[in-house]
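Structure assessment
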Amino acid sequence: MTLKPWLRLACLLLCGVLAAPAPAHAVAPPPASVLRALERGVNLSIWFTYRGEPDIDPARWYPDAADWRLIKSLGFGHVRVQFDPVYFRDPTRPDALLPARMTELQQALAPAFSSGLLVVLAAEPRGPEKSRLVRDEAGLQELEAFWRAFAKAMKGSSPKQLVFEALNEPTDTDATGNRVLMQRLVKAIRSKAPRHSVVVAGHRYSGIDELLAFEPLPLSNLIYSFHFYQPQTFTHQGAFWGWPMFLKFRDLPYPSSPQQIAPHVQAADADARPHLQTYGDQHWGAAQIAAQMDRVRDWGQIHKVPVWCGEFGVSRLGPPLAARRDWLADTRAAMEARGIAWTLFDYAGHFALVTGNAGERQLDPQEAAALGLRPAGQ
């Protein structure tokens, strides 16, 4: 029987036969069951961030019973759930939580656990709050205190079904500061939940360059995450957040070439033209994406640690659907060929796998096929 790419990689890591320099420290990988569940997954964003805000429609963002059935039927092994610590923290004490909201979270995750899905809980404070927490010693101590309380409250969930992610996209830190940050947060989590796997990631927005700048920690049972949205000129077309220029990018082709992009350059505003020209000149396609994933694979092999793409995806707001599918297919195939586990961004919303509100979800079978998923009944 042919081993799946992730299992081949895990065997090599455990046996120590990869042709790469020995790491400076010997660490144990996460359990095989966790690595297997991480092979394919999907993000459930907004569900426990921006919780209760009036402009967030629960029918769009919050999963129901039918969503859990669909997620499981497609062959996903896990879901990644970002959460805002402020929603759960007692405002009078950084080391205490609000019991009713912790109960709300545990009840919300129960369908995932009963479906046999692994859940990755990723801390995602809002931008200004995240900056406050990571920029100085007082903020970091507050975040450590939160994680000790949160990990203690959640450690009753099996380590086979729950993974903690220390901090999504640290944004404000450099590589050196981020390594210190991650190590301290892992130790805070482990002080209360010593058996659970923990995800760590590179600085800024946790891209491939940031992963490669991350010197692995001398700690066992860690997963090293990166995010992939390259090139953003294509993947973020029509996005109304992040960079105003994204709103000027629409209907761009993929793969790219100077010839294909030329009509878009001619029709674009003057400030958008250089970015579109660069997108065409770089010839983004399967080979470019594969080369990026080679870098990730090589880094994981050198350090003998598991790597996981915690986010990758394409906006639904601007690109042609066929081009979106092609990018997803090329990225998914490149990762799987190199034993890189992945989590699609997103299940619902602007980068969504499905359209429509809960109870009325629509799945594009061609997109599911691009991702190697198996729609129910097929």
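Because the structure is a prediction, the values reported are computed rather than measured. (Residues numbered from 1 in each chain as written. Predicted model: local features only at pLDDT ≥ 70, side-chain atom pairs only at ≥ 80, totals over all residues. Heavy atoms only, no water.)

**Here's the deal with the overall build of the protein**
- Regarding its fold elements, the protein presents 16 helices and ten strands.
- Computed over C-alpha atoms, the radius of gyration of the protein comes to 20 Å, within 12% of the 21 Å expected from 2.2 N^0.38 for 378 residues, which places it in the range of a compact globule.
- If you line up the protein on its principal axes, its C-alpha atoms span 55 × 55 × 50 Å.
- Scored against the burial criterion, the 378 residues of the protein give a buried share of 55%.
- If you take every contact in the protein between residues at least 6 apart in sequence, the share linking residues at least 24 apart comes to 74%.
- About 15800 Å² of surface is accessible on the protein, with carbon and sulfur atoms providing 54% of the total.
- Here the protein contributes 40 positive and 37 negative side-chain charges, whose respective centroids are spaced 7 Å apart. (Helix = DSSP H or I, 4+ residues; strand = E, 2+ residues; numbered from the N terminus. Rg over C-alpha atoms; globule rule 2.2 N^0.38 Å. Buried < 20%, exposed > 50% of the residue type's maximum accessible area, 1.4 Å probe, protein only. Contact = heavy atoms within 4.5 Å. Areas by Shrake-Rupley, 256 points an atom, 1.4 Å probe, with all protein chains shown as cover. Lys, Arg positive; Asp, Glu negative; His and termini not counted. Charge placed at Lys NZ, Arg CZ, Asp CG, Glu CD.)

**Regarding the layout of surface pockets**
- When its volume is computed, the largest pocket comes out at roughly 1400 Å³.
- For the largest pocket, the lining is made up of 42 residues, of which Glu169, Tyr205, His236, Trp241 and Glu311 are closest to its centre.
- Breaking the lining of the largest pocket down by element, the ones donating at least two residues are α7 (127-134), α10 (208-212), β6 (222-228) and α14 (286-303).
- Considering each element in turn, the lining of the largest pocket owes the most residues, three residues, to α10. (1 Å grid on protein atoms, 1.4 Å probe; cavity = no way out; pocket = protein on both sides within 12 Å on 5 of 7 lines; lining within 4 Å. Points joined across faces, edges and corners; volume = space filled by probe spheres on them.)

**Re the sheet that holds strand β5 (residues 198-201)**
- The strand order β1-β2-β3-β4-β5-β6-β7-β8 describes a closed barrel built from eight strands, whose pairing is parallel. The sheet shows a mean angle of 30° between the axes of neighbouring strands, direction not considered.
- Strands in contact with helix α15 (residues 321-337) are β1 (40-43), β6, β7 (307-312) and β8 (341-344); relative to β7, the strand with the most contacts, it is inclined by about 170°. (Pairing = 2+ DSSP bridges. Axes fitted to C-alpha atoms, helices over the stretch in contact; angles between N-to-C directions.)

**Concerning helix α4 (residues 65-73)**
- Along α4, the residues classified as buried are Asp67, Trp68, Leu70 and Ile71. The buried residues of α4 occupy one face: seen down the axis, they fall within an arc of 165°.
- Residues of α4 that are buried sit in contact with β1, β2 (78-83), α6 (99-114), β9 (354-355) and β10 (362-363).
- Measuring from the side-chain oxygen of the N-cap residue of α4 to the backbone nitrogen of alanine 66 gives 3.1 Å; that N-cap residue is aspartate 64.
- Immediately beyond the C-terminal end of α4, within one or two residues, lies glycine 75, with a positive phi of roughly 100°. (Arc of directions from axis to C-beta. Polar contact = N/O pair within 3.5 Å; in protein donor to acceptor, adjacent residues only side chain to side chain.)

**Looking at the confidence of the model for the protein**
- Mean pLDDT for the protein: 92, with 92% of residues reaching 70 or above.
- Between residues 5-24, whose pLDDT stays under 50, and residues either more than four places distant or in other chains, the model counts 33 contacts. (pLDDT = per-residue confidence, 0-100.)

**Some words on the pairing of strand β4 (residues 162-165)**
- Burial along β4 is two-sided: the residues Leu162 and Phe164 and Val163 and Glu165 are all buried.
- Both strand β3 (residues 118-123) and β4 contribute to a ladder of four bridges, which runs parallel. Bridge assignment links valine 119 to a residue of β4, and that residue is leucine 162.
- Examined bridge by bridge, β4 and β5 share two bridges and lie parallel to one another. Within the sheet, the bridge partner assigned to phenylalanine 164 lies in β5 and is valine 198.

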